[in-house]
Amino acid sequence: MLTVTSLPALGGETLGGQALLAHMMASGVLVMGLPVFALFFLRYFVAKRPTSRVQNLGYLATVATGLVTIVTVFLCMLPIPSTHQMHSLMSIHAWAGFAMIPAIVLLLFGARATRSASHPHS
């Protein structure tokens, strides 16, 4: 939902109207879900289960891009940045958000490879 509603940003357009409303409503899932996701997958880092480097890289990239996406919007809500800085933060927000897609794909690809290696019958 977040990616679909933000597609106009790729063409240089600003988000507004119903697309912005839907984007803001869906963002709550990311803000609340990212810490849950990060803690859930953290167990694969410390466990003795085999994980692939691709899965680990996907996990780290997903968490990092998610944090950048969230923090940039949070900083815009503070009375600190100027208008120009807010525009820069929103640009970083957009690119970090779009970067989450390949990060998630990398995570899923690595998880599937790890599962296939540990379960030859699947």
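Before any of the text, the structure's been laid out above.
Every residue gets a number counted from 1 within its own chain, in the order that chain's sequence is written. Only residues with pLDDT of 70 or above have their local features reported here, since the model is predicted, and side-chain atom pairs are shown and tallied only from 80 upward, although totals for entire chains, interfaces and linings are computed over all residues. Where side-chain values are given, they derive from all heavy atoms of the structure, hydrogens and water being excluded.

Focus: the overall build of the chain
As a reminder, the rule being used: Under the DSSP-based scheme used, a helix requires at least four consecutive residues in state H or I and a strand at least two consecutive residues in state E, with every element numbered from the N terminus. The buried label applies to any residue whose accessible area, calculated with a 1.4 Å probe on protein chains only, is under 20% of its type's maximum; exposed applies above 50%, and partly exposed to all values in between. Residue contacts are counted whenever heavy atoms from the two residues lie within 4.5 Å of one another.
When you go through the chain residue by residue, the secondary structure sums to 4 helices and 0 strands. Traced from its N-terminal end to its C-terminal end, the chain shows the element sequence α-α-α-α. Of all 122 residues assigned to the chain, the portion counted as buried reaches 24%. Considering only contacts in the chain between residues 6 or more positions apart, those separated by 24 or more positions represent 62%.

Side note on helix α3 (residues 53-77)
Condition: Here the expected span of a helix is defined as 1.5 Å times the quantity of residues minus one.
An ideal rise of 1.5 Å per residue puts 36 Å on 25 residues; α3 measures up with 36 Å between its terminal C-alpha atoms. For α3, every residue scored as buried is listed here: Gln55, Gly58, Tyr59, Thr62, Val63, Thr65, Gly66, Thr69, Thr72 and Cys76.

Observations regarding the nonpolar core
To keep it simple, the criterion reads: Nonpolar cores were defined as sets of buried Ala, Val, Leu, Ile, Met, Phe, Trp, Tyr and Cys residues, with membership established by side-chain atoms within 4.5 Å.
Counting residues in hydrophobic clusters, the biggest one holds 5 residues: Ala38, Phe41, Tyr59, Val63 and Leu107. Only α2 (17-46) and α3 provide two or more residues apiece to this core. Apart from residues lying up to four places away in sequence, valine 63 is in contact with Leu34, Phe37 and Ala38.

So, the packing of aromatic side chains
To be explicit about the condition: Here a Phe, Tyr or Trp ring, Trp counted by its six-membered ring, pairs with any other such ring whose centre lies within 6.5 Å, and the pair is stacked when the planes are under 30 degrees apart, edge-to-face when over 60, and tilted otherwise.
If you walk through the whole model with that rule in mind, you get 5 aromatic pairs. When the centroid spacing of 4.9 Å and the interplanar angle of 45° are considered together, the rings of phenylalanine 37 and phenylalanine 41 count as tilted. Of this pair, phenylalanine 37 and phenylalanine 41 both sit in helix α2, separated by 4 residues, roughly a single helical turn. Pairing phenylalanine 40 with phenylalanine 41 gives two aromatic rings, centres 5.3 Å apart and planes at 80°, and the pair type is edge-to-face. Looking at phenylalanine 41, the relative accessible area reads 18%, which means it is buried. Through a chain of ring-to-ring contacts, three or more aromatic side chains come together here, namely Phe37, Phe40, Phe41 and Tyr59.

What about a nonpolar patch on the surface?
Put simply, the rule reads: Each patch is built from residues lacking any salt bridge and having more than 30% relative accessible area; the joining distance is 9 Å for like charges and 5 Å for nonpolar side chains (Val, Leu, Ile, Met, Phe, Trp, Tyr). Here, Shrake-Rupley sampling with a 1.4 Å probe gives the accessible areas, and only protein chains in the shown set may cover a residue. What counts as a salt bridge is simple: a side-chain nitrogen of Lys or Arg found within 4 Å of a carboxyl oxygen of Asp or Glu.
A contiguous nonpolar patch, built from Val4, Leu7, Leu10 and Trp95 and spanning about 450 Å² of accessible area, is present on the exposed surface. With respect to the element layout, leucine 10 can be found in the loop between α1 (2-6) and α2.

Re the environment of leucine 2
Mapped onto the secondary structure, leucine 2 falls in helix α1. The exposure class of leucine 2 is partly exposed, given its relative accessible area of 24%. Spatially, the C-alpha atom of leucine 2 lies 9.4 Å from that of alanine 19, the residues being 17 residues apart in sequence. Sequence-distant contacts of leucine 2, that is, excluding residues within four places in its chain, are made with His23, Ala26, Ser27 and Leu30.

Quick look at the environment of glycine 110
Note on placement: glycine 110 falls in helix α4 (residues 83-118). A residue is classified by how much of its surface remains accessible, and glycine 110, at 0% relative accessible area, is buried. Along the backbone, glycine 110 and glycine 58 are 52 residues apart, and their C-alpha atoms lie at a distance of 7.3 Å. Aside from chain neighbours lying at most four places away, what touches glycine 110 is Ser52, Val54 and Gln55.

Considering the environment of leucine 34
Mapping leucine 34 onto the fold places it in helix α2. Residue classification places leucine 34 among the buried residues on the basis of a relative accessible area of 6%. Every residue in contact with leucine 34, bar those within four places of it in the chain, is listed here: Val29, Thr62, Val63, Gly66, Leu67 and Ile70.

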